[in-house]
Amino acid sequence: MNNEVRLKKIYKKLFENYGEQKWWPADSKLECAIGAVLTQNTSWQNVEKAIINIKSVMEITVENLSAISANELSLLIRPSGFYRQKAERIKRVIEFINTRYEGKIDKMEDDNILDLRRGLLSINGIGPETADCIVLYAAKKPVFVIDKYTYRLLYRHGFVERETSYQEMQDLFTDNLDNEQVLFGEYHALIVEVGKNHCKKRAACEGCPVNFDTHKFSFEII
DNA sequence: GACCAGGCACATC
DNA sequence: GATGTGCATGGT
């Protein structure tokens, strides 16, 4: 079975098991972008606490986040961890929206997909995964997001070697699937869902410590 | 108390 | 280019 058939089969199976995810879990595009930074190497549970804290003192708008100092912001997002550098990173994203899109995040959608991605990657603290989350879920453009769960899925099922690159994994999806924003968004969301779901059960997973070499998902694919 | 979580940048060799 | 380290809170 070739990669195209296998990847499509995996999607079908995930969708049947978990249903439509309708990501990203946020009330607005800006909240999505902020969440993308906050979730860097952090559980979503902790990100939610940070977002609730921000919302408790202000509405999440470009204006409000421009006005607040990095130091004040850092105190609000403490539960997400790495809070000092994440506050700086969020401020840089806001600055990017201000200078490039006149403070209007909706204008990101008018930008060329590659230019937008390059622009985001030029921001200190925004790497490929964070940039792609923003491009896909905030700007609604078709790029495939690669994260740790995706890597595990691909590695465990023999699509890639242990040493691989973001680009290689991204190409695997984009070369074999229709170039559709909704599909890419759902697929990535489903991979995260099954990954998180399995991790909750890890204590009960005999001989399967959470480890890149042995981590398995809780259901059989193909 | 150890290990993990939806990364990224930077120092050093 | 590869390898190691700092960033930090909260759940299991």
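Throughout this document, residue positions are counted from 1 along each chain, in the order its sequence is written. Going through the entries in the order they are written, you letter the chains from A and number the ligands from 1. With the structure being a predicted model, the display of local features is reserved for residues of pLDDT at least 70 and the display and counting of side-chain atom pairs for 80 or more, all residues being used for whole-chain, interface and lining totals.

## Describing the overall build of chain A
Okay, step 1: Each helix corresponds to a stretch of at least 4 residues labelled H or I by DSSP, and each strand to a stretch of at least 2 residues labelled E; elements are numbered beginning at the N terminus. Each helix and strand in chain A was counted, giving 11 helices and zero strands.
Okay, step 2: Buried residues are those with 20 or more other C-beta atoms within 10 Å of their own C-beta, exposed residues have 12 or fewer, and partly exposed residues lie in between; C-beta atoms are placed from the backbone. For chain A, with 222 residues in total, the buried portion stands at 31%.
Okay, step 3: In chain A, of all internal contacts separated by at least 6 residues, the share reaching a separation of at least 24 is 62%. Placing a C-beta atom from the backbone of each residue, one calls two residues in contact when those atoms lie within 7 Å.

## Thoughts on the protein's contact with DNA strand B
Okay, step 1: Near residues are defined by distance alone, with the backbone-placed C-beta atom required to lie within 6 Å of the molecule or strand. As a structural note, the neighbourhood of DNA strand B is formed by 27 residues, with Q40, N41, G127, T130 and K148 the closest of them.
Okay, step 2: Those elements that place two or more of their residues in the surface near DNA strand B are α8 (128-138), α9 (148-156) and α11 (181-200).
Okay, step 3: In terms of residues, the surface near DNA strand B owes the most to one element, α8, which gives four residues.
Okay, step 4: Any residue that is not Ala, Val, Leu, Ile, Met, Phe, Trp, Tyr, Cys, Pro, Asp, Glu, Lys or Arg is counted as polar, Gly included; the first ten are nonpolar and the last four charged. Residue classes in the surface near DNA strand B are distributed as 12 nonpolar, 11 polar and four charged.

## Quick notes on the packing of helix α2 (residues 29-38) against helix α6 (residues 83-101)
How two helices pack is summed up by the angle between their axes together with the distance between the axes.
Okay, step 1: Between N-to-C directions, angles cover 0 to 180 degrees, with each direction set by a line fitted to C-alpha atoms, over the stretch in contact for helices. α6 packs onto α2 with a crossing angle of 145 degrees between their chain directions and a minimal axis gap of 9 Å. In this structure, α2 crosses over α6, and the sense of that crossing is right-handed. Of the residues in α6, those touching α2 at A33, I34, V37 and L38 are K86, R89, I90 and V93.
Okay, step 2: For the contact of α2 with α6, a count of residues per class yields six nonpolar, no polar and two charged. It is the rotation of the near helix from the far one that decides the hand of a crossing: anticlockwise by less than a right angle makes it left-handed, clockwise makes it right-handed.

## Remarks on the domain arrangement of chain A
Okay, step 1: Each domain's limits were defined by an automated method or a database of domain assignments. The domain architecture assigned to chain A consists of domain 1 (3-22 + 146-204) and domain 2 (29-138).
Okay, step 2: Summarising the inter-unit geometry, the C-alpha centres of domain 1 and domain 2 are found 24 Å apart.
Okay, step 3: Here the side of domain 1 that touches domain 2 gets three residues from one element, more than from any other, and that element is α11.
Okay, step 4: For the side of domain 1 that touches domain 2, the residue count by class is three nonpolar, two polar and one charged.

## Concerning the protein's contact with DNA strand C
Okay, step 1: Residues in contact with DNA strand C amount to 13 residues; listed here are only the nearest, P79, G81, F82, R84 and Q85.
Okay, step 2: Of the residues belonging to the surface near DNA strand C, the class tally is four nonpolar, seven polar and two charged.

## Remarks on the nonpolar core
Okay, step 1: Residues enter a nonpolar core if they are buried, belong to Ala, Val, Leu, Ile, Met, Phe, Trp, Tyr or Cys, and are joined to the set through C-beta atoms within 7 Å. A33, I90, I134, V135 and A138 are the most contacted members of the largest nonpolar core, which totals 52 residues.
Okay, step 2: Mapping this core onto the domain boundaries places at least three of its residues in each of domain 1 (3-22 + 146-204) and domain 2 (29-138).
Okay, step 3: Once residues within four sequence positions are removed from consideration, I134 is found in contact with A33, A36, L120 and A139.

## Concerning the packing of helix α1 (residues 3-18) against helix α10 (residues 166-176)
Okay, step 1: Packing of α1 against α10 leaves a shortest axis separation of 9 Å and a crossing angle of 90 degrees. Accordingly, the angle class assigned to the pair α1 and α10 is roughly perpendicular. Taking contact as the criterion, the partners of N3, E4 and L7 in α1 are, on α10, L172, F173 and N176.
Okay, step 2: The residue inventory of the contact of α1 with α10, partitioned by class, reads three nonpolar, two polar and one charged. An angle counts as roughly parallel when it lies under 35 degrees, as roughly antiparallel when it exceeds 145, as roughly perpendicular when it falls between 65 and 115, and as oblique in every other case.

## Describing the environment of A189
Okay, step 1: One can find A189 in helix α11.
Okay, step 2: Separated by 66 residues in sequence, A189 and I123 place their C-alpha atoms 25 Å apart.
Okay, step 3: Among residues more than four places away in sequence, those in contact with A189 are Q21 and W23.

## So, the environment of T174
Okay, step 1: Structurally, T174 can be placed in helix α10.
Okay, step 2: Using a count of 14 C-beta atoms within 10 Å as the deciding quantity, one classes T174 as partly exposed.
Okay, step 3: Expressed as a C-alpha distance, the spacing of T174 and S66, which sit 108 residues apart in the sequence, is 36 Å.
Okay, step 4: When near neighbours in sequence (up to four residues on either side) are disregarded, T174 contacts F144 and N179.

## Focus on α10
Okay, step 1: When α10 is considered as a whole, its buried residues turn out to be M169, L172 and F173. What you see down the axis of α10 is that its buried residues fit within an arc of 85 degrees, all on one side. Seen from the open side of α10, the exposed residues pointing more than 90 degrees away from its buried face are Q167 and D175.
Okay, step 2: Buried-residue contacts for α10 involve α1 and α9. Directions drawn from the helix axis to the C-beta atoms are what define this arc.

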